[in-house]
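Per-entry structural report
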Amino acid sequence: MHVVKEAQTSSRIEGTQTEMDEVLEEDPKEISPEKRDDWKEVRNYVEAMNRSIQRLQTLPLSNRLLCEAHATLMQGARGEKRRLGNSDAVKTGPAALPWPMPFSSHRITMTSLAS
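Residues numbered from 1 in each chain as written. Predicted model: local features only at pLDDT ≥ 70, side-chain atom pairs only at ≥ 80, totals over all residues. Heavy atoms only, no water.

So, the confidence of the model for the protein chain
A low pLDDT score tells you not to read the predicted coordinates there in detail. Quick note on the threshold: A score between 0 and 100, pLDDT records how confident the predictor is in each residue. Residue contacts are counted whenever heavy atoms from the two residues lie within 4.5 Å of one another.
The share of residues in the protein chain with pLDDT of 70 or more is 68%, and the mean pLDDT across the chain is 76. Considering only residues more than four positions removed or in separate chains, one finds that residues 103–115, a stretch of pLDDT under 50, has three contacts.

Okay, structure coming up:
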């Protein structure tokens, strides 16, 4: 149930409006047509989380695992055609940081000022 609540709450941050009773509904026909896209995104989130937790039994936390989760998350949802499960679409580690780094994130020390 925690995964379902997390999916519903996290998706709400992105503007998805799905209530808990809707998330728990298995049959998409029971969801009003105007809310089905939101419902699908939250259901995909639940599926991606559950699959990822299971995959951690045999696969380390890795870019591969993140790409699998991303593919599940996007399947049949808005934006599905955007490089489904492609590692370029899932930015992690230093690749996720803007480059060049903003000046404020550079470490400035007294030694570097003296040189």
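Some thoughts on the packing of helix α3 (residues 36–55) against helix α4 (residues 63–74)
Angle between the axes and distance between the axes: these two values describe a pair of packed helices. To keep things clear, this is the line we draw: For helices, the fitted axis covers only the stretch in contact; all axes are lines through C-alpha atoms, and the angles between them, taken along N-to-C directions, range from 0 to 180 degrees. Secondary structure counts use DSSP, requiring at least four H or I residues in a row for a helix and at least two E residues in a row for a strand, with both numbered from the N terminus. By definition in this entry, angles of less than 35 degrees are roughly parallel, angles greater than 145 are roughly antiparallel, angles of 65 to 115 are roughly perpendicular, and the rest are oblique. Crossings are assigned a handedness: left-handed for a near helix turned anticlockwise from the far helix by less than a right angle, right-handed for a clockwise turn. In the scheme used here, Gly and all other residues not listed as nonpolar or charged are polar, with Ala, Val, Leu, Ile, Met, Phe, Trp, Tyr, Cys and Pro taken as nonpolar and Asp, Glu, Lys and Arg as charged.
Close contact between α3 and α4 brings their axes to 7 Å; oriented N to C, the two are set at 155°. Classified by the angle their axes make, α3 and α4 are roughly antiparallel. Here α3 and α4 pass one another in a crossing that is right-handed. For the pair α3 and α4, contact is made by Glu 41, Asn 44, Tyr 45, Glu 47, Ala 48, Arg 51, Ser 52 and Arg 55 and by Arg 64, Leu 65, Glu 68, Ala 69, Thr 72, Leu 73 and Met 74, respectively. Its residues placed into classes, the contact of α3 with α4 shows six nonpolar, three polar and six charged.

Some words on α4
So the rule is basically this: Between the first and last residue of a helix there are one fewer steps than residues, each counted as 1.5 Å, and that sum is the expected span.
Taking 1.5 Å per residue as the helical rise, α4 with its 12 residues ought to reach 16 Å, and the 16 Å between its terminal C-alpha atoms agrees with that figure. Summarising the contacts, the buried residues of α4 are in contact with α3. Immediately beyond the C-terminal end of α4, within one or two residues, lies Gly 76, with a positive phi of roughly 70°.

Brief notes about α3
Taking 1.5 Å of rise per residue, 20 residues should cover 28 Å, and α3 covers 28 Å from first to last C-alpha, within 8% of that figure. Of the surrounding secondary structure, the elements contacted by the buried residues of α3 are α1 (2–13), α2 (20–23) and α4.

Side note on the layout of surface pockets
Quick note on the threshold: In this analysis a 1.4 Å probe is tested at points of a 1 Å grid over the protein atoms alone, and where it fits but cannot get out there is a cavity; an open set with protein on both sides within 12 Å along at least five of seven lines is a pocket; lining residues have an atom within 4 Å of a point. Grid points are joined across faces, edges and corners, and a volume is the space filled by probe spheres set on the points.
Of the pockets and cavities examined, the largest pocket occupies roughly 230 Å³. Surrounding the largest pocket, Ser 10, Ser 11, Glu 14, Thr 16, Glu 41, Val 42, Tyr 45, Leu 73, Met 74, Ala 77 and Arg 78 form its lining. For the lining of the largest pocket, the elements supplying multiple residues, two or more each, are α1, α3 and α4. Looking at which element gives the most residues to the lining of the largest pocket, the answer is α3, with three residues. Residues belonging to the lining of the largest pocket are distributed by class as follows: five nonpolar, three polar and three charged.

A few points about the pattern of salt bridges
To be explicit about the condition: Only one rule defines a salt bridge in this text: a Lys or Arg side-chain nitrogen within 4 Å of an Asp or Glu carboxyl oxygen. Partly exposed residues are those whose accessible area sits between 20% and 50% of the maximum for their type, while under 20% is buried and over 50% is exposed, using a 1.4 Å probe and protein chains only.
Under the definition given, this model contains six salt bridges. Here Glu 68 makes a salt bridge to Arg 55, at a shortest N to O gap of 2.9 Å. Of this pair, Glu 68 sits in helix α4 while Arg 55 sits in helix α3, placing them 13 residues apart in sequence. Using a relative accessible area of 27% as the deciding quantity, one classes Arg 55 as partly exposed. A salt bridge links Arg 64 to Glu 68, with the shortest nitrogen-to-oxygen separation between them at 3.5 Å. With Arg 64 and Glu 68 both in helix α4 and four residues apart, the pair spans about one turn of that helix. Taking the relative accessible area as the measure of exposure, Arg 64 reaches 52% and is therefore exposed. By relative accessible area, Glu 68 is classed as partly exposed at 29%.

Quick look at the nonpolar core
Rules: Note on terminology: a nonpolar core comprises buried Ala, Val, Leu, Ile, Met, Phe, Trp, Tyr and Cys residues joined through side-chain atoms within 4.5 Å.
Of all hydrophobic cores here, the largest spans six residues; its members are Val 4, Ala 7, Val 23, Val 42, Tyr 45 and Val 46. Those elements that place two or more of their residues in this core are α1 and α3. A total of three residues in this core trace back to one element, the largest contributor, which is α3. In contact with Val 46, not counting residues within four places along its chain, are Val 3, Val 4 and Ala 7.

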